[in-house]
Amino acid sequence: MDTKLPKEADSGRIGIFPSWRWLYGAVAVYTAAWIVVLYVLTVTLDLGAS
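Let me begin by describing the structure that accompanies this report. Everything numeric here is computed off the predicted structure, so don't read it as measured data.

Before going further, it helps to examine a nonpolar patch on the surface. Together, Tyr30, Trp34, Val37, Leu38, Leu41 and Leu45 make up a nonpolar patch on the protein surface, roughly 640 Å² of accessible area in all. Structurally, the position occupied by Tyr30 is in helix H2 (residues 20–44). You can call Tyr30 exposed: its relative accessible area is 56%.

Our focus in this paragraph is the packing of aromatic side chains. In total, this model carries two aromatic pairs according to the counting rule given. With centroids separated by 5.9 Å and ring planes inclined at 35 degrees, the aromatic side chains of Trp20 and Tyr24 adopt a geometry described as tilted. One end of the pair, Trp20, and the other, Tyr24, are both in helix H2, four residues apart, so they sit about a helical turn from each other. Here the aromatic rings of Tyr30 and Trp34 are separated by 6.4 Å at their centres, their planes lie at 75 degrees, and the arrangement is edge-to-face. Taken together, the residues Tyr30 and Trp34, both in helix H2 and four residues apart, mark about one turn of the helix. By relative accessible area, Trp34 is classed as partly exposed at 44%.

Reading guide: rules and limits
- Residues numbered from 1 in each chain as written.
- Predicted model: local features only at pLDDT ≥ 70, side-chain atom pairs only at ≥ 80, totals over all residues.
- Heavy atoms only, no water.
- Patch = residues over 30% accessible without salt bridge, like charges linked within 9 Å, V, L, I, M, F, W, Y side chains within 5 Å.
- Areas by Shrake-Rupley, 256 points an atom, 1.4 Å probe, with all protein chains shown as cover.
- Salt bridge = Lys/Arg side-chain N within 4 Å of Asp/Glu carboxyl O.
- Helix = DSSP H or I, 4+ residues; strand = E, 2+ residues; numbered from the N terminus.
- Buried < 20%, exposed > 50% of the residue type's maximum accessible area, 1.4 Å probe, protein only.
- Phe/Tyr/Trp six-rings, centres within 6.5 Å; stacked < 30°, edge-to-face > 60°.

Any functional reading would require information that these geometric values do not contain.
Structural data, given as structure tokens:
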């Protein structure tokens, strides 16, 4: 029994994203943005360095 999905299912739209590549890119950008925000907060609110 073949359990593979049809080729069309792999390349279709995923919600608001046109493809899986766009979804992965959005997740990577979102993660990088949060890392930058948390780093800025850490440096700004570091009370031990005063």
